[in-house]
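Architecture at a glance
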Amino acid sequence: MKNKELEKSEKRNFWKDETGDIGVKQIAITVAVIVLVAFIVTTLKNNLLQQWITEVWEFLFDDLIKEKMGGTT
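Residues numbered from 1 in each chain as written. Predicted model: local features only at pLDDT ≥ 70, side-chain atom pairs only at ≥ 80, totals over all residues. Heavy atoms only, no water.

1. Brief notes about the overall build of the chain
Inclusion rule: Under the DSSP-based scheme used, a helix requires at least four consecutive residues in state H or I and a strand at least two consecutive residues in state E, with every element numbered from the N terminus. Note on classification: 1.4 Å probe, protein chains only; a residue is buried when its accessible area is under 20% of the maximum for its type, exposed when over 50%, partly exposed between these limits. For the accessible areas, the method is Shrake-Rupley and the probe is 1.4 Å, while residue cover comes only from the protein chains on display.
From N to C terminus, the chain includes two helices and zero strands. The buried share of the chain, reckoned over its 73 residues, is 0%. Accessible surface computed for the chain: about 7400 Å², of which carbon and sulfur atoms make up 64%.

2. Thoughts on helix α2 (residues 24–69)
Just so we agree on the cut-off: Multiplying one less than the number of residues by 1.5 Å gives the expected span of a helix. The bend reported for a residue corresponds to the angle between axes fitted to the seven residues ending at that residue and the seven starting there.
Counted at 1.5 Å a residue, the expected span for α2 with its 46 residues is 68 Å, but the 57 Å between its end C-alpha atoms falls short. Its maximal kink placed at leucine 48, α2 deviates by approximately 70°.

3. Digging into a negative patch on the surface
Which entries qualify depends on this criterion: The patches described consist of residues with a relative accessible area above 30% and no salt bridge, like charges being joined within 9 Å and nonpolar side chains (Val, Leu, Ile, Met, Phe, Trp, Tyr) within 5 Å. For salt bridges, the criterion is a side-chain nitrogen of Lys or Arg within 4 Å of an Asp or Glu carboxyl oxygen. A residue counts as positive if it is Lys or Arg and as negative if it is Asp or Glu; His and the chain ends are not included. In this description, the location of a charge corresponds to atom NZ of lysine, CZ of arginine, CG of aspartate or CD of glutamate.
Taken together, Glu55, Glu58, Asp63 and Glu67 make up a surface patch of like negative charges. By secondary structure assignment, the location of glutamate 55 is in helix α2.

Fair warning: the whole summary comes from geometry, so function is off the table for now.
This is the structure in C-alpha cells:
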C-alpha cells in the first residue's frame, strides 16, 4: 500500500516540478513556429516563389536600372 502511495506522490511531484529548461509552453511555441515555417515553405514552393522572384527581378532590373541608364523598357 505504501508503494502505491509513494508512486502516486512521485508522479504528482514529477508533473508539478517545472524547474527544467523546457516547459510545456516552450514546446508548444516551438511546435507552432515549426508548423508556420513549414506552411510558408510549402506555399513558396508551389510556384509562388518563382513568380515572386520574377516580379522582383523585373521591377529591379527593368524598371529601376534600365530607367536610370536610359535604356528602353
